[in-house]
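Listed below are the residues making up each chain.
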Amino acid sequence: MDGGALDPDLVATLNRHAGHAPRWRELRTTPEPHTTERTAGRPVAAALAEVAENAVDLLGGPLRDRLRACQRTGCLLYFIRDASRREWCSAGCGNRARAARHYAKVRRGSGG
Ligand SMILES: [Zn+2]
């Protein structure tokens, strides 16, 4: 997420998984017309394919420039930055990060 080139091994892995389980939508008519998604792959392969396809869309699409790593220590999640100063993946991570910062400050004895 530093604006550098994508790891070629990561790209190869995403592309391989994205193509492993073809999916398509079918029209069903009962109890009323609706669509359902079908796959020719095993359930795990289909789930991995969907995750990989979403990653392909994210990393290759316009949202890539807004993708950020959560700044809370220990959090491994990423998020789409929708506000200019957002640093965390969720409100919960923001609260935990602020609390950790506060406790670190108190431990250093600089008050609170
Ligand atoms: Zn987080």
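Residues numbered from 1 in each chain as written. Predicted model: local features only at pLDDT ≥ 70, side-chain atom pairs only at ≥ 80, totals over all residues. Heavy atoms only, no water.

## Thoughts on the overall build of the chain
Scanning the chain from N- to C-terminus turns up 3 helices and 4 strands. For 112 residues, the compact-globule estimate of 2.2 N^0.38 gives 13 Å, and the C-alpha radius of gyration of the chain, at 20 Å, exceeds that figure by more than 25%. For the chain, the C-alpha atoms occupy an extent of roughly 65 × 40 × 25 Å along the three principal directions. Burial analysis of the chain (112 residues in total) assigns 15% to the buried set. Sequence-distant contacts, at least 24 apart, represent 26% of the contacts inside the chain between residues at least 6 apart. Carbon and sulfur atoms make up 54% of the accessible area of the chain, which amounts to about 8,500 Å² in all. For the chain, the centre of its 19 positive side-chain charges and the centre of its 12 negative side-chain charges are spaced 12 Å apart. (Helix = DSSP H or I, 4+ residues; strand = E, 2+ residues; numbered from the N terminus. Rg over C-alpha atoms; globule rule 2.2 N^0.38 Å. Buried < 20%, exposed > 50% of the residue type's maximum accessible area, 1.4 Å probe, protein only. Contact = heavy atoms within 4.5 Å. Areas by Shrake-Rupley, 256 points an atom, 1.4 Å probe, with all protein chains shown as cover. Lys, Arg positive; Asp, Glu negative; His and termini not counted. Charge placed at Lys NZ, Arg CZ, Asp CG, Glu CD.)

## Side note on the coordination of the zinc ion
Those donors, Cys 70 (SG), Cys 75 (SG), Cys 89 (SG) and Cys 93 (SG), are the protein atoms that reach the zinc ion, and they lie 2.3 Å from it. Each of the 4 donor atoms around the zinc ion contributes to a set of angles spanning 105 to 115 degrees, which defines the coordination as tetrahedral. (Donors = N, O, S within 2.8 Å, 3.2 Å for Na, K, Ca; no water. Tetrahedral: all angles 85-135°; square planar, octahedral: opposite > 155°, others 65-115°.)

## Comments concerning the pattern of salt bridges
Per the stated rule, a full pass over the model turns up 5 salt bridges. The salt bridge partner of Arg 23 is Glu 37, with a shortest N-O separation of 2.9 Å. Residue Arg 23 is found in strand β1 (residues 23-28), and its partner Glu 37 is found in strand β2 (residues 34-39); the two are separated by 14 residues along the sequence. Between Glu 26 and Arg 38 there is a salt bridge whose closest N-O contact spans 3.2 Å. With Glu 26 in strand β1 and Arg 38 in strand β2, this residue pair connects regions lying 12 residues apart in the sequence. Classification of Arg 38 as partly exposed rests on a relative accessible area of 36%. (Salt bridge = Lys/Arg side-chain N within 4 Å of Asp/Glu carboxyl O.)

## Things to note about the domain arrangement of the chain
For the chain, the domain assignment lists domain 1 (1-60) and domain 2 (66-112). Look at where the C-alpha atoms of domain 1 and domain 2 centre, and you get two points 31 Å apart. (Domains from an automatic or database assignment.)

## What about the nonpolar core?
Within the largest apolar cluster, 7 residues are counted, these being Cys 70, Cys 75, Phe 79, Trp 88, Cys 89, Cys 93 and Ala 97. Discounting chain neighbours no more than four positions away, the residues touching Ala 97 are Arg 72 and Trp 88. Core analysis: the next-biggest nonpolar cluster, separate from the first, contains 5 residues, Leu 14, Ala 52, Leu 59 and Leu 67 among them. (Core = buried A, V, L, I, M, F, W, Y, C linked by side-chain atoms within 4.5 Å.)

## Observations concerning helix α3 (residues 91-107)
One full turn of an α-helix is made of 3.6 residues, so residues set three or four places apart face in the same direction. For α3, spanning 17 residues, the distance from its first C-alpha to its last is 24 Å, which sits close to the expected 24 Å at 1.5 Å a residue. What α3 keeps buried is the set Cys 93, Gly 94 and Ala 97. Projected down its long axis, α3 carries its buried residues within an arc of 105 degrees, all on one side. Exposed residues on α3 whose side chains face more than 90 degrees from its buried face are Ala 91, Tyr 103 and Arg 107. Trailing α3 by a residue or two, Gly 109 shows a phi angle of about 80 degrees, which is positive. (Expected span 1.5 Å × (residues − 1). Arc of directions from axis to C-beta.)

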